[in-house]
Each structure stands twice: as C-alpha cells, then as structure tokens.
Amino acid sequence: MIYYFTYFGTKVLSWLYFPYKAYQTRNIPRKGAFILASNHISNLDPVVLGICSVRRLNFMAKVELFKGLLGFFLTQLGAFPVKRGESDFGAMREALRRLKEGRVILIFVEGTRRIGNEPSHAQAGVGFLAMKSGVPILPVYMRGTDQVMAPGTKFFKRGPVSATFGEPFSVKDAPTYQEASQRILDKIYALA
C-alpha cells in the first residue's frame, strides 16, 4: 500500500516539478526478471525510473539510509541496503534472490552519482549479477534529473526529465565481470 501511495504521490509531484517523458517503453519486458541498468546523475533518478517503468522496481541503496523511519519506508518501496566502497556479498545474494523470484533490479552501473557528461568507471558488481543470474539487461539513459535536483541540493528546481529505454541484451559471453559491466555502461551511454 505504501508503494502505490508513493507511486501516485510521485506522479503528482512530477506534474508540478519534473514533467517526464519515457521513450521506447515498449522495450521493457512485461514479465520475468531483468536488470534495469542506468546512468546516475541525481538522487531523483530512482524516483523517475519508478514512475517511468511499467514494472515495480527493486533497488540497492546505501546502508546509511536504512535507519529509523526512512529505512522502513525504503524497504516498503523495494529497496535493500548495500555497503558502498567494498564488496557487499550480502547485497549481491539478496539481488540474486530477488531476480530468481522474477523481480526487476534497478542498478546504477557507475555506483554513485556522476557529475558532468562523461561516463565514469563501471562497477564490476552489475557484471557479476548479470553473468550469475543470466537475466536480460535493459539499459536506460536518464536526462535532466541533475538539473531538477542537482547533487548536494535538497529541493527541486522545475524542469523536464526523461528516460530512454534501450533493447534488452545479454553479457553472458563476457570474459570478466568488469568487461560485462563496461559493455552495459557503453550500451547506456549509446542511448544518449
């Protein structure tokens, strides 16, 4: 119930502050597990992707956010904690478990927000998940969220945002997890 209340509340908030457009949503699988792999330019990205997707998303969020009421709220929205800056095998196991259940996992391939137009370093974790799970990867490119909610700010500045969804693909033939992650990142930025 909290998820759907938040979903519709966010739709209203979007109308007021960040009108969005979702391109090529026909590429989003209507059933079955997949990894939604995105660039990351603002804290607003998971919110916009949540309302652009026709599927309910599960996502990792830094462990520091899972305290008190915010932690309960994030859990209700499908989030689970990840320790940043280290290999968090517990978070990886949880992501694999959810994928096995047929859910959708949202991953930001660069790990943290990027400032500027150039892609940063791809994190090997998404390659690990993709290769271990064998599920399709759906790349998505976010645009405009960094203008509406710039890194370091807590308030919105009205402006348009968009998400462009690519075609699902596989990285099962990649020689390493890092190479798989890099291929995913390249597909995301090809949508720019």
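Up top is the structure.
Being a predicted model, the structure only gives us computed values, none of them experimental. (Residues numbered from 1 in each chain as written. Predicted model: local features only at pLDDT ≥ 70, side-chain atom pairs only at ≥ 80, totals over all residues. Heavy atoms only, no water.)

**A look at the side chain of Thr164**
Structurally, Thr164 is set in strand 7 (residues 161-165). When neighbours within four sequence positions are excluded, Thr164 is seen to be in contact with Tyr23, Gln24, Pro139, Val140, Tyr141, Arg143 and Leu191. (Helix = DSSP H or I, 4+ residues; strand = E, 2+ residues; numbered from the N terminus. Contact = heavy atoms within 4.5 Å.)

**Focus on the packing of helix 1 (residues 2-17) against helix 2 (residues 45-52)**
Relative placement of two packed helices is described by the angle separating their axes and the distance separating the axes. Contact pair helix 1 / helix 2: the axes reach a minimum separation of 10 Å and the direction vectors enclose 100°. Comparing the axis directions of helix 1 and helix 2 gives the class roughly perpendicular. When helix 1 is examined against helix 2, the residues Tyr3, Tyr7, Thr10, Lys11 and Ser14 are found in contact with a partner set consisting of Val47, Gly50 and Ile51. Broken down by class, the residue content of the contact of helix 1 with helix 2 amounts to 4 nonpolar, 3 polar and 1 charged. (Axes fitted to C-alpha atoms, helices over the stretch in contact; angles between N-to-C directions. Parallel < 35°, antiparallel > 145°, perpendicular 65-115°, else oblique. Nonpolar A, V, L, I, M, F, W, Y, C, P; charged D, E, K, R; others polar.)

**Quick notes on helix 7 (residues 177-190)**
Given 3.6 residues per helical turn, the α-helix brings residues three or four places apart onto the same face. With 14 residues, helix 7 should reach 20 Å at 1.5 Å per residue; the first-to-last C-alpha distance of 20 Å fits that figure. All of the buried residues along helix 7 are Ala180, Ser181, Ile184, Leu185, Ile188 and Tyr189. Where helix 7 is buried, its residues touch strand 2 (34-38), helix 5 (124-133) and strand 6 (137-143). (Expected span 1.5 Å × (residues − 1). Buried < 20%, exposed > 50% of the residue type's maximum accessible area, 1.4 Å probe, protein only.)

**A closer look at a nonpolar patch on the surface**
On the surface, a nonpolar cluster with roughly 510 Å² of combined accessible area is contributed by Val12, Leu13, Trp15, Leu16 and Tyr17. Its place among the elements puts Trp15 in helix 1. According to the relative accessible area criterion, Trp15 is exposed, its value standing at 66%. (Patch = residues over 30% accessible without salt bridge, like charges linked within 9 Å, V, L, I, M, F, W, Y side chains within 5 Å. Areas by Shrake-Rupley, 256 points an atom, 1.4 Å probe, with all protein chains shown as cover. Salt bridge = Lys/Arg side-chain N within 4 Å of Asp/Glu carboxyl O.)

**So, the packing of aromatic side chains**
On inspection of all chains with the given rule, the structure shows 7 aromatic pairs. Between Tyr3 and Tyr7, the aromatic rings sit 6.5 Å apart at their centres with planes inclined by 20°, giving stacked as the arrangement. Linking Tyr3 with Tyr7, this pair stays in helix 1, spanning 4 residues, or about one helical turn. Using a relative accessible area of 21% as the deciding quantity, one classes Tyr7 as partly exposed. A ring pair is formed by Tyr17 and Phe156, whose centres lie 5.4 Å apart and whose planes are at 35°; its orientation type is tilted. Of this pair, Tyr17 sits in helix 1 while Phe156 sits in the loop between helix 6 (145-148) and strand 7, and the two are 139 residues apart along the sequence. These aromatic residues form a ring-pair network of at least three members: Tyr3, Tyr4, Tyr7 and Phe8. Between Arg56 and the ring centre of Tyr3, over which it is positioned, the NZ or CZ distance is 4.0 Å. Over the ring of Phe169 we find Lys187, and its NZ or CZ is 5.1 Å from the ring centre. (Phe/Tyr/Trp six-rings, centres within 6.5 Å; stacked < 30°, edge-to-face > 60°. Lys NZ or Arg CZ within 6 Å of the ring centre and 35° of its normal.)

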